[in-house]
Structures are given as C-alpha cells and as structure tokens.
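For reference, the chains in residue letters:
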Amino acid sequence: MAAAAGFGLGRWSNQTHHDSAPTAASPTPRRSPASGGPFTQRQAAANRAHFPTPVAAFAEPWLPQIGDCTTAPNGGGPQLGAGEQSRTRCAAGIITTYWISYRTSADRDRAQDRYQAQAAETPRLAPGAKPPADQAVPHGSHTVRYIEYAYQVPSGQHAGQVVAALWWSDPTQPIAGILLAYWAEGLDSSWAPLRDLWDQSG
C-alpha cells in the first residue's frame, strides 16, 4: 500500500492510524444480483477466509465486491491502530477498505470520536459530506453510526492530497468499517463512489 490515510501512510500525530494512502487501483468485481452466482459466492468465500469470524459477519455484504485482503496482527496485514484487536485491509478498485475489531467498545468509541472531530473540518477539504448521524443500513433493519470525513496526507509521495473516507460501526459490538480513496484522483471530487459501495450492504 502507498503511504497515506488508511492506505499506507503510516502513523502521524493528528491522524487516526491508517496504514497509508490509497493503494493502487485493483480491478473491481462486477456487481452481482443479491442471490449471487458462482463468481460472487467464490469471491466472498475467498475473502471470508482472511477475516476474523465476527468481522467477517460484519463485512459479509461487501465480500463479493472486494479482494486482495490481508489481516493484522497475523497474515502480513496493515499495522494496528490504538485500541485495535485486528485490522483487515482489502481493495475495491479505486477504494481501499478496512475492517476493524477493537479490544473494547470504549476503544471503538474513542476512534469514533476522533473521526467525528475530523468530520467538522471535512466541508473545507471535501465539500458535500453528510454530517455524522445514526443511520439505517441500506436494505437492512439495524442502525449504525455513520461518519463521512476527510484529511490531507501529511507526508510522503502523496503529501497534501486529500483523502475522503466513510466510517461506520455497529453499536452492539466493537467492530467498524472504513472506505477511503483520494478525493480528486480517485473519486473525481465526489462522495458518490464511496456512498455507492457502502450502499451495497444489505
């Protein structure tokens, strides 16, 4: 992964740890019907093997659309952030995804507070972000905490570039997901691609 937010930038003092900047784009599997055919079923199964069991259940709706998954602390995956028990990184074309289990709900809530603070600065960096809110999962019955935020890469090859991200968590367990990509280069200065991938939950 590169060096930036959530993709491969590494740690920096004013940014919740992401393993770096968005990584190079990987081919994105075509969206398939909800029932899923042989390809989507096999893709999901291959990805599921890289996830801790509770996190795999949380990420299940997205498993057919992602690939190249690696997990920390085992499996050569991304570096863990503060309070994290596991972190799985997967590619989805222009978007990098992270699936995180926290040691406790308090650790998850501290991460949520950091992202929520970043959201206050986001309209300046990536206009059109939705305010943080409790939001129903598309096509589902449960509610999650949903935060859109952005930040500038502090150093390295992509220093100064803006990364836009979408974070959500299930309030009943210490697990969260993050979708992120370069704002201009990857997303063409639009929140629509991130929201579209998130909307594939079901």
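The following paragraphs examine the structure supplied in this document. (Residues numbered from 1 in each chain as written. Predicted model: local features only at pLDDT ≥ 70, side-chain atom pairs only at ≥ 80, totals over all residues. Heavy atoms only, no water.)

### Side note on the sheet that holds strand S3 (residues 67-72)
Spatially, S3-S4-S5-S9-S8-S7-S6 is the arrangement adopted by the seven strands of the open sheet, whose pairing is antiparallel. Only two strands of the sheet have a single partner each, and these edge strands are S3 and strand S6 (133-136). Sheet twist, expressed as the mean angle between neighbouring strand axes with direction ignored, is 25 degrees. Direction of pairing for strand S7 (residues 143-152) relative to strand S8 (residues 162-170): antiparallel, over a ladder of eight bridges. Its bridge partner being in S8, Tyr151 is matched across the sheet by Val163. Contacting strand S5 (95-102), S7, S8 and strand S9 (175-182), helix H3 (residues 105-119) crosses the sheet at an angle of about 50 degrees to S7. (Pairing = 2+ DSSP bridges. Helix = DSSP H or I, 4+ residues; strand = E, 2+ residues; numbered from the N terminus. Axes fitted to C-alpha atoms, helices over the stretch in contact; angles between N-to-C directions. Contact = heavy atoms within 4.5 Å.)

### Quick word on the packing of aromatic side chains
Applying the stated criterion to the full structure yields 12 aromatic pairs. Taking the centre distance of 6.4 Å and the plane angle of 70 degrees together, the rings of Phe58 and Trp99 count as edge-to-face. Within this pair, whereas Phe58 is found in helix H2 (residues 53-59), its partner Trp99 is found in strand S5, the two being separated by 41 residues in sequence. According to the relative accessible area criterion, Phe58 is buried, its value standing at 11%. A residue is classified by how much of its surface remains accessible, and Trp99, at 0% relative accessible area, is buried. With 5.1 Å between their ring centres and 45 degrees between their planes, Trp62 and Trp168 make a pair best called tilted. One end of the pair, Trp62, is in the loop between H2 and S3; the other, Trp168, is in strand S8, and 106 residues separate them in sequence. A single burial state applies to Trp62 and to Trp168, both of which are buried. When the ring centre of Tyr98 is taken as reference, the NZ or CZ atom of Arg87 above it lies at 4.8 Å. (Phe/Tyr/Trp six-rings, centres within 6.5 Å; stacked < 30°, edge-to-face > 60°. Buried < 20%, exposed > 50% of the residue type's maximum accessible area, 1.4 Å probe, protein only. Lys NZ or Arg CZ within 6 Å of the ring centre and 35° of its normal.)

### A word on the side chain of Asp107
Secondary-structure assignment places Asp107 in helix H3. Side-chain polar atoms of Asp107 contact the side chain of Arg110, separated by 2.6 Å. Those residues within four positions of Asp107 in sequence are excluded, and the remaining contacts are Gly83 and Tyr102. (Polar contact = N/O pair within 3.5 Å; in protein donor to acceptor, adjacent residues only side chain to side chain.)

### As for the nonpolar core
Counting residues in each nonpolar core, the largest one holds 33 residues, and the members touching the most others are Phe51, Ile66, Trp99, Trp168, Leu179, Leu194 and Trp198. Sequence-distant contacts of Phe51, that is, excluding residues within four places in its chain, are made with Ala56, Ala59, Leu63, Ile66, Cys69, Thr71, Thr88, Cys90 and Trp99. (Core = buried A, V, L, I, M, F, W, Y, C linked by side-chain atoms within 4.5 Å.)

### Quick notes on the state of the cysteines
Scanning the model with the defined rule gives one disulfide in all. Across the disulfide from Cys69 sits Cys90; the S-S distance is 2.1 Å. Measuring the twist about the S-S bond at about 120 degrees, one finds the Cys69-Cys90 disulfide to be right-handed. With Cys69 in strand S3 and Cys90 in strand S4 (residues 84-92), the pair connects residues that are 21 residues apart, well separated along the chain. Comparing Cys69 with Cys90, the two get one shared label, buried. (Disulfide = S-S within 2.5 Å.)

### Points about helix H1 (residues 38-48)
The complete set of buried residues in H1 reads Thr40, Gln43, Ala44 and Asn47. End-on view of H1: buried residues confined to an arc of 95 degrees, all on one side of the axis. Along H1, the residues that are exposed and aim more than 90 degrees away from the buried face are Pro38 and Arg42. On its buried face, H1 sits against S3. (Arc of directions from axis to C-beta.)

### What about the pairing of S5?
Of all eight residues making up S5, eight are buried, and the element is well covered by its neighbours. On S5, burial covers both faces: Ile95, Thr97, Trp99 and Ser101 on one face and Thr96, Tyr98, Ile100 and Tyr102 on the other are all buried. Sheet topology places S4 next to S5; eight bridges connect them, and they run antiparallel. When the sheet's bridge partners are listed, Ala91 is paired in S5 with Thr96. With antiparallel pairing between neighbouring strands as the criterion, S4 and S5 make up a hairpin whose turn holds two residues, including Gly93 at a positive phi of roughly 65 degrees.

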